[in-house]
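Overview (structure and organization)
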Amino acid sequence: MISCILPPYMLDRIAENGTEEQRAKSAETARISELMRNDRQAAAARVVIPRAMAAPARQRNVYTANNLSGLPGTLVRAEGSAPSGDLAVDEAYDGAGATYDLYWEVYQRNSIDGAGMRLDSTVHYQKGYDNAFWNGSQMVYGDGDEDLPPSQRLFNRFTISIDVIGHELTHGVTQYTGGLVYINQPGALNESFSDVFGSLVKQRSLGQTAAQADWIIGQGLFTSNVNGIGLRSMKDPGTAYNDPVLGKDPQPGHMKDYVTTTSDNGGVHINSGIPNRAFYLIASELGGNAWEKAGQIWYVTLRDRIRSNTDFQGAADLTYAVAGELFGAGSLEQQAVKNGWAGVGINVTGGGEPTPTPNPNPGCVAAVLKFLGFK
Amino acid sequence: MIIRFERSGGFAGMLLRAEIDVQELEPHEREEIHRLVAEAGFFELPPRLQSAGGGADRFQYVLSIEEPGGRSHTLEVSEEAVPPDLQPLIERVAYLARRSRRQSC
Ligand SMILES: [Zn+2]
């Protein structure tokens, strides 16, 4: 389902400039025209395209950069084709599939843009590239320190950990929904949403409850030369590694330890420990599978409420409000959200009333236009 | 020639920092660095290169190069804004920095 707010000028464009084919393509176009007739002065109108109309199907392409910098590189494995035998290619393919499945089967979201966008991944990016990233339209993975002698390597290939794949793909989802700017607290929230859904992909693929999960991000990324189990711990931020070469995991798990820095876009990969732990606390209090209740609250908040400049306090208030809407005011679920944020030093404010302000997210609007056949 | 290199950000959010005295490198590595600095037109680059491009988990670099008794220049550049001519130098210096972090320990 695509659900977002279209500004009036865009409604004009669809209603007046649409071809017959485009109009015929979706009854939604007619509904938009009707909305316009009935409420010309409305600042915006919510457009909901039924799930059935955006035929859900996984579409994955995995490319290799052949250790160079060009993107996307050479196509190695397209949707439906057999395993390539290249470990990184097949991990990127399977991980993108598991992430698509979480979003579709649990949250009824059809891919990154909500409109079936193809999931493009490139592996073998550059040489000695110990990183993975989202470039605004695709996922990219390096091979770690493969160009160093084994005794000097710190990082393995970045596809080795399925939560890294879920993390990168979720940056795309955030881009098309909440649109959190990548700096300071909104940036740390952006990072945290990626860690949360990355971890949920892993937990669901392993069939683990909140109590069974390790809540580690990037388990397996370090070689045996490093003293650490992964890059981040959502359960206990600051404890994932402690190594003579890499130093100690710098993540805080409480507001009193919030790190003020200009490095890393204001510490987006550092302070994400705080909302990460809040999510862990909430999921643990609720018990069972974390992707069900806690994940649903987080997903709906990201999709409908988060804005580009939402900070930690805002996220706490919004998740609390969403929990009340989904499970009832004063429900155990809503109480768990309040407790989880309190556990990291953030007290939910406000009564958790709905705050239906329009989401002017351009990515969502683009997805609707694309679905309707506009360029 | 002294090269100071700092890489922050990325998925891991870790700082990678190195100071490289190019004269102490093997001759073939030294020559390669001199060639890559020249090919990048490093001393003619502005002090700061940013890109409006979106995305997440990208690196940010600060690269300083000091020639003996000569020019020096510091460049702050986000990964997505690295010009193609500079890319090989960044990759090479990052390699030397990654190599030295285990050796210097
Ligand atoms: Zn990230």
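Details of the structure are given in the entry above.
For clarity, every value in this text was computed on a predicted model and none was experimentally measured.

Reading the values: the criteria
- Residues numbered from 1 in each chain as written.
- Chains lettered and ligands numbered in written order.
- Predicted model: local features only at pLDDT ≥ 70, side-chain atom pairs only at ≥ 80, totals over all residues.
- Heavy atoms only, no water.
- Helix = DSSP H or I, 4+ residues; strand = E, 2+ residues; numbered from the N terminus.
- Rg over C-alpha atoms; globule rule 2.2 N^0.38 Å.
- Buried < 20%, exposed > 50% of the residue type's maximum accessible area, 1.4 Å probe, protein only.
- Contact = heavy atoms within 4.5 Å.
- Areas by Shrake-Rupley, 256 points an atom, 1.4 Å probe, with all protein chains shown as cover.
- Buried area = accessible area lost by both parts, 1.4 Å probe.
- Salt bridge = Lys/Arg side-chain N within 4 Å of Asp/Glu carboxyl O.
- Polar contact = N/O pair within 3.5 Å; in protein donor to acceptor, adjacent residues only side chain to side chain.
- Nonpolar A, V, L, I, M, F, W, Y, C, P; charged D, E, K, R; others polar.
- Pairing = 2+ DSSP bridges.
- Axes fitted to C-alpha atoms, helices over the stretch in contact; angles between N-to-C directions.

Helix and strand counts for chain B stand at two helices and five strands. The order of α-helices and β-strands along chain B, N terminus first, is β-β-α-β-β-β-α. Since a compact globule built from 105 residues should have a radius of gyration of about 13 Å, the 14 Å found for chain B is in line with a globular shape. Across the 105 residues that make up chain B, the buried fraction comes to 51%. In chain B, 64% of the contacts between residues at least 6 apart in sequence involve partners at least 24 apart. Only carbon and sulfur atoms are counted for the fraction: they give 46% of the accessible area of chain B, which is about 5000 Å².

Looking now at the side chain of Thr174(A). In this structure, Thr174(A) sits in helix H5 (residues 162-176). Here Thr174(A) falls in the buried class, since its relative accessible area comes to 0%.

With 26 residues of chain B in contact, the opposing surface of chain A contributes 41 residues. For the pairing of chain B and chain A, the buried interface totals around 2600 Å² over both sides, and the portion due to carbon and sulfur atoms is 52%. At the boundary of chain B with chain A, the tally comes to five salt bridges. A salt bridge links Asp145(A) to Arg98(B); the shortest N-O distance between them is 2.9 Å. Counting across the chain B and chain A interface gives 15 residue pairs in polar contact (both at pLDDT 80 or more). Of all the secondary-structure elements, those providing two or more residues to the side of chain B that touches chain A are strand S1 (2-9), strand S4 (59-66) and helix H2 (87-103) of chain B. With eight residues, H2(B) is the single largest residue contributor to the side of chain B that touches chain A. Of the residues in the side of chain B that touches chain A, the class split is eight nonpolar, nine polar and nine charged.

All names here are of chain A. Judged by pairing direction, the sheet is mixed, and its five strands sit side by side in the order S4-S3-S5-S7-S6 without closing on themselves. The sheet is open, and its two borders are formed by strand S4 (74-78) and strand S6 (132-134), each paired with just one other strand. Averaged over all pairs of adjacent strands, the angle between their axes in this sheet comes to 20°, without regard to strand direction. With four bridges connecting them, strand S3 (residues 60-64) and S4 associate as antiparallel partners.

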